[in-house]
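Survey of secondary and tertiary structure
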Amino acid sequence: MENPFVFSKEVGGEDFCNRKKEIKELSGFVRSSQNVMMFSQRRFGKTSLIKEVLKRAEKEGILTVYVDLYAVLSEQQLVKSYSEAVSNSLLSKTEKAFITAGKLFKQLQPVLTHDDEGKPVFKVDVDLAKTIPLLEDVLDSVNRTVEKKRKKAVIVLDEFQQIGQFKDDRVEKILRTHIQKHQNISYFFMGSKKHLIIDMFNNTNRPFYKLAAPYPLKKIEKLELVEFLLEKFKKAERDIDKEIASSIVEICEHHPYYVQYLCYIIWENTKPGETIDNEKVTEGINVLLDWTSPTYEATWGLLTTVQKKVLETIARKAEEERMFSADVINRFGLGTASALQRSLKSLIDKDLIDKEDDNYTIIDLFLKKWINKKLIR
Ligand SMILES: Nc1ncnc2c1ncn2[C@@H]1O[C@H](COP(=O)(O)OP(=O)(O)OP(=O)(O)O)[C@@H](O)[C@H]1O
Ligand SMILES: [Mg+2]
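Residues numbered from 1 in each chain as written. Chains lettered and ligands numbered in written order. Predicted model: local features only at pLDDT ≥ 70, side-chain atom pairs only at ≥ 80, totals over all residues.

For the protein chain, the count of helices and strands is 15 helices and 9 strands. For 377 residues, the compact-globule estimate of 2.2 N^0.38 gives 21 Å, and the C-alpha radius of gyration of the protein chain, at 23 Å, lies within 12% of that figure. On the principal axes, the C-alpha backbone points of the protein chain span a range of 65 × 55 × 35 Å. Here the analysis covers contacts within the protein chain between residues at least 6 apart in sequence; of these, 72% occur between residues at least 24 apart. (Helix = DSSP H or I, 4+ residues; strand = E, 2+ residues; numbered from the N terminus. Rg over C-alpha atoms; globule rule 2.2 N^0.38 Å. Contact = placed C-beta atoms within 7 Å.)

Next comes the structure, spelled out in structure tokens:
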């Protein structure tokens, strides 16, 4: 029997737990052509969720385009990814057979080829000297199609914070100018680097200032996750009671990726019909820490001594303790308040910690567990 838990790729269908409220709210934004800035920490389920929303939008006759900007480092790559996503999603199957994707654009010339599995896909070559006019071409193309087909569209720009890393903000300015004119298109700007994406939309000096409704993706409700686990384990011939399933969800702080990862390991380490108890869960946590520790070691190795101390302090300090209280600074030997301030900023920039209302937390909960385990050795 196959392991029923999935943690290394987007999930959909029966591997996708709940998020009914989010699907309803986000679908509402799509129908009313609102722009949304959705963010959360890494592996929280943004992409899986938005793809569920897109599936529903398609059923309602709304055109959908999903662009993954994760690997986009330049304006040229942006135009390539964007125009390929547009040509591959906006043409229906019949249109693909009879119309060349070139008709979508004024200047861009997509070429129909085949991917590794033999499926027809459009590829685009982008002339470096013309990236800006070509970007405008791709932005206008969707709006033209929307007007011609008298439809609405939703365009998802996943890992949008990448655009904010370009050497200047000319692309942000062009995007803003066009997006504001598109009455029947809902844009979803998604980000997993919270401090970067929030700055793009919250900083008065940046082109995207208040251009989209902020939508922080929250945790999945505990009960929903517990039900999801009970069902999955039952179908896959493992015995587990509600209490143990609840403790797995709590240990993983409702983080869907870690819930799935830990359950994947626990399932692998139990036999059909066997009961999952606390011991199996602890064993699972240790295996997970063993598997992830090389990446944590590598991250750790690149930190300065003060940064390491700060992370250890955050991992150990009580929830309600403030980083800047004289007591915490002295107790953990953090040097001066200004050195501490610098380290905190660089840990935020490295996406290792998050700051909310003056309280600092380690983003990756298993990194926190790894540090705590190291401290008691
Ligand atoms: N609704 C869900 N139900 C069950 N598992 C989920 C759900 N959402 C996310 N997961 C788990 O989290 C993992 C990551 O999901 P996904 O790739 O959608 O997150 P993401 O926030 O887009 O991640 P990244 O920040 O890496 O882009 C999935 O492989 C799955 O294990
Ligand atoms: Mg994602």
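Following the structure, the description resumes.
Before going further, it helps to spend a moment on the site of ligand 1. In the neighbourhood of ligand 1, 21 residues make up the surrounding shell, with Cys17, Gly45, Thr47, Ser48 and Pro256 lying closest. Of all the secondary-structure elements, those providing two or more residues to the shell around ligand 1 are α2 (46-59) and α10 (256-268). Residues belonging to the shell around ligand 1 are distributed by class as follows: 9 nonpolar, 6 polar and 6 charged. A domain-level breakdown of the shell around ligand 1 finds at least three residues from each of domain 1 (19-216) and domain 2 (222-298). (Near = placed C-beta within 6 Å. Nonpolar A, V, L, I, M, F, W, Y, C, P; charged D, E, K, R; others polar. Domains from an automatic or database assignment.)

Attention now goes to the sheet that holds strand β2 (residues 63-68). Across the sheet, which stays open at both edges, the 5 strands sit in the order β2-β5-β6-β1-β7 with parallel pairing between neighbours. Each edge of the open sheet is held by one strand with a lone partner, namely β2 and β7 (213-216). Between one strand axis and the next, the sheet turns by 15 degrees as a mean value, whatever way the strands run. Pairing of strand β5 (residues 153-158) with strand β6 (residues 185-191), which is carried by 5 bridges, proceeds in the parallel orientation. Its bridge partner lying in β6, Leu157 is registered against Phe189. (Pairing = 2+ DSSP bridges. Axes fitted to C-alpha atoms, helices over the stretch in contact; angles between N-to-C directions.)

Attention now goes to the nonpolar core. Ranked by size, the top nonpolar core spans 56 residues in total, and within it Val156, Leu157 and Phe188 carry the most contacts. Apart from the residues within four sequence positions on either side, Phe188 is in contact with Val36, Met38, Ile50, Val154, Val156 and Leu157. Ranked by size, the runner-up nonpolar core spans 28 residues in total, among them Phe5, Ile244, Ala245 and Ile266. (Core = buried A, V, L, I, M, F, W, Y, C linked by C-beta atoms within 7 Å. Buried ≥ 20, exposed ≤ 12 C-beta atoms within 10 Å, placed from the backbone.)

This part is about the packing of helix α8 (residues 222-235) against helix α9 (residues 242-251). Helix packing for two helices is described by the angle between their axes and how far apart those axes are. At their nearest, the axes of α8 and α9 sit 9 Å apart, and the two run at 120 degrees to each other. Considering the angle they form, α8 stands oblique to α9. Classified by chirality, the crossing of α9 by α8 is right-handed. Between α8, through Lys222, Leu225, Val226, Leu229 and Leu230, and α9, the contact on the second element is made entirely by Lys242, Ala245, Ser246, Ile248 and Val249. Looking at the contact of α8 with α9 residue by residue, the classes come out as 7 nonpolar, 1 polar and 2 charged. (Parallel < 35°, antiparallel > 145°, perpendicular 65-115°, else oblique. Left-handed = near helix turned anticlockwise from the far one by under 90°.)

For the rest of this paragraph, the subject is the environment of Lys271. Among the secondary structure elements, Lys271 is positioned in the loop between α10 and α11 (278-301). For Lys271 and Arg238, which are 33 residues apart along the polypeptide, the C-alpha to C-alpha distance reads 7.3 Å.

Now for helix α1 (residues 20-31). Compared with the 16 Å implied by 1.5 Å per residue over 12 residues, the 16 Å span of α1 between its first and last C-alpha is a close match. Within α1 the residues assigned to the buried category are Leu26, Phe29 and Val30. Across the axial projection of α1, the buried residues extend over an arc of 100 degrees, all falling on one side. More than 90 degrees from the buried face of α1, the exposed residues found are Lys20, Lys21, Lys24 and Gly28. Buried residues along α1 sit in contact with β1 (36-39), α2, β5, β6 and β7. Positive backbone phi, at 55 degrees, marks Ser33, one or two positions downstream of α1. (Expected span 1.5 Å × (residues − 1). Arc of directions from axis to C-beta.)

Quick reminder: α-helices carry 3.6 residues per turn. Residues three or four places apart thus point the same way. Its 16 residues place the ends of helix α3 (residues 75-90) 22 Å apart at the C-alpha level, agreeing with the 22 Å of an ideal helix rising 1.5 Å per residue. Judged by how many residues are buried, α3 sits mostly within the fold: 13 of 16 residues are covered.

As a further point, take the packing of helix α12 (residues 305-316) against helix α15 (residues 365-376). For the pair α12 and α15, the least separation of the axes is 9 Å and the interaxial angle reads 95 degrees. As far as their axial angle goes, α15 and α12 are roughly perpendicular. On α15, the residues touching Leu311, Glu312, Ala315 and Arg316 of α12 are Lys368, Ile371, Asn372 and Leu375. For the contact of α12 with α15, the per-class residue count stands at 4 nonpolar, 1 polar and 3 charged.

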